Amino acid sequence: MKILYIYSTDVSKGIYTTLVKMGYIVEEYARKQANSQLIEEEIELLVEYAKIHGITHFMSTHLIYNVAVAACEIDIKYISVIWDAPYIKMYTPFGKLDNCWFSVFDKEDVERFKKAGLKHVLYQPLAIDQEEIKHIDFNKYLSERYLNEICFIGNLYDRNKYDEELKRIPAILQDYFTSIFEEAAFRWDGKNRIYGKVGSEIIKCMQKLIPEFQLDNTYDLRDEQVFEIVYLVRKIANIERVGVLNVLAEYFKVTCHTYFTGGEKKLKNMRVLPPVMNRETMLIIFAGSKINLNLSLKGIEGGTPKRIMDICEAGGFALTNYCQETGELFKEGEEIEMFRTPEELVDKVSYYLEHEDERKRIAQNGQQKVLQNYTYEKQLYKLMKWVCDDN
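So, how was this worked out
Residues numbered from 1 in each chain as written. Predicted model: local features only at pLDDT ≥ 70, side-chain atom pairs only at ≥ 80, totals over all residues. Heavy atoms only, no water. Helix = DSSP H or I, 4+ residues; strand = E, 2+ residues; numbered from the N terminus. Buried < 20%, exposed > 50% of the residue type's maximum accessible area, 1.4 Å probe, protein only. Pairing = 2+ DSSP bridges. Axes fitted to C-alpha atoms, helices over the stretch in contact; angles between N-to-C directions. Contact = heavy atoms within 4.5 Å. Phe/Tyr/Trp six-rings, centres within 6.5 Å; stacked < 30°, edge-to-face > 60°. Core = buried A, V, L, I, M, F, W, Y, C linked by side-chain atoms within 4.5 Å.

**A word on unusual backbone geometry**
Phase 1: The step from Ala-85 to Pro-86 runs through a cis peptide bond, and the omega angle for that step is -10°.
Phase 2: Unlike most non-glycine residues, His-62 shows phi in positive territory, near 65°.
Phase 3: Looking at the element boundaries, His-62 is found in the loop between strand S3 (57-61) and helix H3 (65-73).
Phase 4: The exposure class assigned to His-62 is buried, which follows from its relative accessible area of 6%.
Phase 5: Not every positive phi belongs to a glycine, and Tyr-157 is a case in point at roughly 55°.
Phase 6: Secondary-structure assignment places Tyr-157 in the loop between strand S7 (148-153) and helix H6 (161-165).

**Digging into the pairing of S7**
Phase 1: The buried count for S7 comes to five of six residues, which makes it a mostly enclosed element.
Phase 2: The pairing of S7 with strand S10 (residues 289-294) spans three bridges and is parallel. When the bridges of S10 are listed, Asn-148 appears paired with Ser-289.
Phase 3: Summarising the sheet, S7 and strand S8 (residues 254-257) pair through four bridges and their orientation is parallel. If you follow Phe-152 over to S8, its bridge partner there is Cys-256.

**Focus: the sheet that holds strand S1 (residues 2-5)**
Phase 1: If you walk across this open sheet you meet the six strands as S2-S1-S3-S4-S5-S6, and the pairing is parallel. The open sheet has two edge strands with one neighbour each: strand S2 (25-28) and strand S6 (121-123). On average, adjacent strands in this sheet sit at an angle of 20° to one another, irrespective of strand direction.
Phase 2: Where strand S5 (residues 100-104) and S6 come together, three bridges link them in parallel fashion. What sits directly across from Ser-103, in S6, is Leu-122.
Phase 3: Its contacts with the sheet place helix H15 (residues 376-389) against S1, S3, strand S4 (77-82), S5 and S6, and it is angled at close to 145° to S4.

**Let's talk about the packing of aromatic side chains**
Phase 1: With the rule as written, the count across this model stands at 18 aromatic pairs.
Phase 2: Ring geometry for Phe-186 versus Trp-188: centroids 6.3 Å apart, planes at 85°, classification edge-to-face.
Phase 3: Between Phe-227 and Tyr-231, the aromatic rings sit 4.8 Å apart at their centres with planes inclined by 20°, giving stacked as the arrangement. Of this pair, Phe-227 and Tyr-231 both sit in helix H9 (residues 223-249), four residues apart, which is roughly one turn of that helix. For the residue pair Phe-227 and Tyr-231, the accessibility class agrees, reading buried in each case.
Phase 4: An aromatic cluster is defined as three or more aromatic residues linked by ring pairs; in this entry it consists of Tyr-162, Tyr-176, Phe-177, Phe-181, Phe-213, Phe-227 and Tyr-231.

**Looking at the nonpolar core**
Phase 1: Grouped together as the largest cluster of nonpolar side chains are 111 residues, with contacts concentrated most on Phe-58, Met-59, Phe-177, Met-206 and Phe-227.
Phase 2: A total of nine residues in this core trace back to one element, the largest contributor, which is H9.

**Concerning the sheet that holds strand S9 (residues 271-273)**
Phase 1: Strand order in the open sheet formed by six strands is S9-S8-S7-S10-S11-S12, and the pairing between neighbours is parallel. Looking at which strands have only one partner, the edges of the open sheet turn out to be S9 and strand S12 (337-339). Looking at each pair of strands side by side, their axes are set apart by 25° on average, direction ignored.
Phase 2: As paired strands, strand S11 (residues 318-321) and S12 are joined by three bridges and run parallel to one another. Residue Thr-320 lies in a different strand from S12, and its bridge partner there is Met-338.
Phase 3: Relative to the sheet, helix H13 (residues 342-354) contacts S7, S10, S11 and S12, its axis offset from that of S12 by approximately 150°.

Spelled out as structure tokens, the structure:
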């Protein structure tokens, strides 16, 4: 077996270095690939490289269209680790190719992908590189002090297609979507209150009345499904993240690292800093914050986001919205904490700021859990065995 590891939007070398450590023969492809563009020249170069270098497997994170097609042309397996959800690029002919093998972290998506005709899909929780924290001197940066009381690192989704394209939406439709937002936002009980709410007649109405509305549906999904995922999920994420941070800032000291695209102006009474672009810096911030907040997209229904794994890897205290799968991976109240309503969130923040020993114990237990169970080495062993055993 000889693997060619290919980069797209990701920059982390954790999977590549772990495969090498495990004894696999792995090469890094020098040409970074566009995530969702089909480029004939790139396909030809991949095919030529694989033939010359005796490559038997392609591998990447996310689904790269060029790689899927190149692998199909020369009849080799393409292994892809999916980090995002909802990941609608899978609902394309490229995701259904016989040579594609996917590791997917959201249980709900696994079932949806199988029903959509994807041939090879394996459920696996996301993982961390257990080697990277060994090279970080946390004491050098943190010593005896904390950097933050409450910290959130993430996108506010203030630039979302709903706000950008539906500014001139008729009042009756605006009221309808507002009712969906009011029903779905700030409720974290594991129920999906978005999907199935928009019918085809609403899409057709908007296409006639709103020139800015351009639904780009290149997927094997109905227009209304694409609309709910691309427009509503991200709009609700914006509503929730801004709302939750502002509520917490009324009572506690909050720090938010996010992109400066205008939406940060809606954040009040808190410290707003630029996004964290370096993994080492991110892990130091997680370790140096008393409470690290996670607010998952509503589209992540049965999976635990990478942010939670990263917080625990660093030995930080993770406080996240409820997800059944997260409760299966971590013991709530012992290795992680979860909330289901804004009121419960405020109560738990207040409690854990006052109970430092308990907070530290949970953080330590969470770190131990990921380092023992959710590492690249363990997950890649299962993934490669699955790929190799199924001939």
